[in-house]
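The lines below spell out each chain.
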Amino acid sequence: PEYPQPIKGTGTVSTGAQMLDTEKIQYPASVPTIISDNGRTIQVSGGVATGRAMYDIGLEKVIGRTLYVSGTIASKSVSDAKTVIVLCVQKADDSWEYKYIRDIGIKAIIYAQIPNDAKQVRLDFNINDSNAPLTTVNTAVFKDVMISVDTPKPWEPYTGGKPSPSPEYPQPLSLIHI
């Protein structure tokens, strides 16, 4: 640049949370899954049997640490379907530990301490987490699913394309003179 200026930090700290790499979501052909262009929504549809899409978190980043998962079940088309986001941890003895996000329309956080000898860590997006078959197809939308390790830090909410600072989230302006 013609007039370089020093960068002055605002003191804002990232949460360290990451949106899912949606290209890694796996699902059988019988469970159509649509992922939005920006990766913020995952739509899963399924018939009368249990159906799910899965996301392998991978052990290298989470082993021996606390893993946090946040997200929202934005909607479902069958009211009595047990639609959930499940954090699944396979332990060394092949037993599984499960943590659930169950509420519709409410952003929730679940977490688990991942053992050093864990065999697998994944997220399941279940459209019917039940042994009882549905009578109609359920379509569920999961929104803004993020993962983070260790303690999440506070963050400044997204302002929806408004310039920052904004009246909703005021910040001091710092002028730099050369």
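Structure's up top.
Residues numbered from 1 in each chain as written. Predicted model: local features only at pLDDT ≥ 70, side-chain atom pairs only at ≥ 80, totals over all residues. Heavy atoms only, no water.

1. Thoughts on unusual backbone geometry
The backbone of Asp-94 shows a phi angle near 70°, a positive value even though the residue is not glycine. When you line up the elements, Asp-94 lands in the loop between strand E7 (84–90) and strand E8 (96–101). The residue Asp-144 is not glycine, and still its phi comes out positive at about 50°. (Helix = DSSP H or I, 4+ residues; strand = E, 2+ residues; numbered from the N terminus.)

2. Topic: the packing of aromatic side chains
Counted according to the given criterion, the structure contains four aromatic pairs. With 6.3 Å between their ring centres and 10° between their planes, Trp-96 and Tyr-98 make a pair best called stacked. Measuring from ring centre to ring centre gives 6.5 Å for Tyr-98 and Tyr-100, while their planes differ by 35°; the resulting arrangement is tilted. A network of ring pairs unites the aromatic residues Trp-96, Tyr-98 and Tyr-100 as a single cluster. (Phe/Tyr/Trp six-rings, centres within 6.5 Å; stacked < 30°, edge-to-face > 60°.)

3. A few points about the pairing of strand E5 (residues 52–56)
Burial along E5 is one-sided: the residues Ala-53 and Tyr-55 are buried and none of Arg-52, Met-54 and Asp-56 is. Where strand E2 (residues 25–26) meets E5, two bridges bridge the pair, whose relative direction is antiparallel. Of the residues in E5, the one forming a bridge with Ile-25 is Tyr-55. (Buried < 20%, exposed > 50% of the residue type's maximum accessible area, 1.4 Å probe, protein only. Pairing = 2+ DSSP bridges.)

4. Here's the deal with the pattern of salt bridges
Summed over the entire model, instances satisfying the criterion amount to five salt bridges. Ionic pairing is found between Arg-52 and Asp-124, a salt bridge with its closest N-O pair at 3.7 Å. Of this pair, Arg-52 sits in strand E5 while Asp-124 sits in strand E10 (residues 120–126); the two residues are 72 residues apart in sequence, bridging distant segments of the chain. Residue class for Arg-52 comes out partly exposed when judged on its relative accessible area of 33%. Take Asp-124: its relative accessible area is 3%, and that puts it in the buried class. We note a salt bridge from Asp-124 to Arg-122, for which the minimum N-O separation is 2.7 Å. (Salt bridge = Lys/Arg side-chain N within 4 Å of Asp/Glu carboxyl O.)

5. Topic: the sheet that holds E5
The strand order E2-E5-E10-E7-E8 describes an open sheet built from five strands, whose pairing is antiparallel. The open sheet has two edge strands with one neighbour each: E2 and E8.

6. Concerning the nonpolar core
Grouped together as the largest cluster of nonpolar side chains are 28 residues, with contacts concentrated most on Ile-57, Leu-67, Leu-87, Leu-123, Phe-125 and Phe-142. Among the elements of the structure, strand E4 (41–46), E5, strand E6 (66–76), E7, strand E9 (108–113), E10 and strand E11 (138–149) are those that each provide at least two residues to this core. Among the elements that take part in this core, E11 stands out by supplying four residues, more than any other. Not counting residues up to four positions away in its chain, the partners in contact with Phe-142 are Arg-40, Thr-41, Ile-42, Val-44, Thr-72, Ile-73, Ala-74, Thr-83, Val-84, Ile-85, Phe-125 and Asn-126. (Core = buried A, V, L, I, M, F, W, Y, C linked by side-chain atoms within 4.5 Å. Contact = heavy atoms within 4.5 Å.)

Bear in mind that shape data such as this cannot, by itself, settle questions of function.
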